[in-house]
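Here's the letter readout for the chains.
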Amino acid sequence: MSVYRRFRNRLRVGPVQVGTYFDGRGREMHTVACTAPRCGFSADYPDRSAAELAARTHRCTA
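Residue numbers run consecutively from 1 along every chain, following the written order of its sequence. Restriction of local features to residues with pLDDT of at least 70 applies here, the model being predicted, together with a cutoff of 80 or more for giving and counting side-chain atom pairs; totals for whole chains, interfaces and linings are based on all residues. Each side-chain value is derived from all of the structure's non-hydrogen atoms; neither hydrogens nor water enter the calculation.

(A) Fine view of the overall build of the protein. Helix and strand assignments come from DSSP, with helices taken as H or I runs of at least 4 residues and strands as E runs of at least 2, each series counted from the N terminus. Across its full length, the protein carries 1 helix and 4 strands. Secondary structure elements in the protein, listed N-terminal to C-terminal, are β-β-β-β-α. Here the C-alpha atoms of the protein give a radius of gyration of 12 Å, agreeing with the 11 Å that 2.2 N^0.38 yields for 62 residues. Oriented by its inertia axes, the alpha-carbon framework of the protein measures out at about 35 × 30 × 15 Å. Within these notes, the globule rule equals 2.2 Å times the number of residues to the 0.38 power, and the radius of gyration is based on C-alpha atoms.

The following block contains the structure:
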């Protein structure tokens, strides 16, 4: 069964979105996902600055 994440504090940088959520252990995590077709880039980070840096420096291969 997949995990349902409720995102808050969302930010969009080009085709990349950054969202904040609480993981299953109650820790605040930040995820980065590219919404471009056929890109597939996504990652989770424990701090917001790392997630925003990844969003700003991402270059799509698609």
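(B) Geometry of the packing of aromatic side chains. For Phe, Tyr and Trp, where Trp contributes only its six-membered ring, two rings pair if their centres lie within 6.5 Å, and the inter-plane angle classes them as stacked under 30 degrees, edge-to-face over 60, or tilted in between. Across all of its chains, the model carries 1 aromatic pair by this definition. Ring geometry for Phe 7 versus Tyr 21: centroids 5.6 Å apart, planes at 80 degrees, classification edge-to-face. Residue Phe 7 is found in the segment before strand 1 (8-13), and its partner Tyr 21 is found in strand 2 (residues 16-22); the two are separated by 14 residues along the sequence. Using a 1.4 Å probe on the protein chains alone, a residue whose accessible area is under 20% of its type maximum counts as buried, one over 50% counts as exposed, and one in between counts as partly exposed. We classify Phe 7 as partly exposed; its relative accessible area is 38%.

(C) Focus on the pairing of strand 2. Taken across its 7 residues, strand 2 has 5 buried, putting it largely inside the fold. Sheet topology note: the strand 1/strand 2 ladder contains 4 bridges and is antiparallel. Among the inter-strand pairings, Arg 12 is bridged to a residue of strand 2, identified as Gln 17. The hairpin formed by strand 1 and strand 2 contains 2 residues between the paired strands, and Gly 14 there has a positive phi angle of roughly 65 degrees. The pairing of strand 2 with strand 3 (residues 28-34) spans 7 bridges and is classified as antiparallel. Across the sheet, residue Val 16 finds its bridge partner in strand 3, namely Cys 34. A pair of strands is treated as paired once DSSP finds two or more bridges between them. Hairpin connection from strand 2 to strand 3: 5 residues lie between these consecutive antiparallel strands, with Gly 26 at a positive phi of about 85 degrees.

(D) Inspection of unusual backbone geometry at higher detail. With phi around 50 degrees, Asn 9 is a residue other than glycine that occupies positive phi space. Position of Asn 9 relative to the elements: it lies in strand 1.

Honestly, it's all geometry; don't read function into it.
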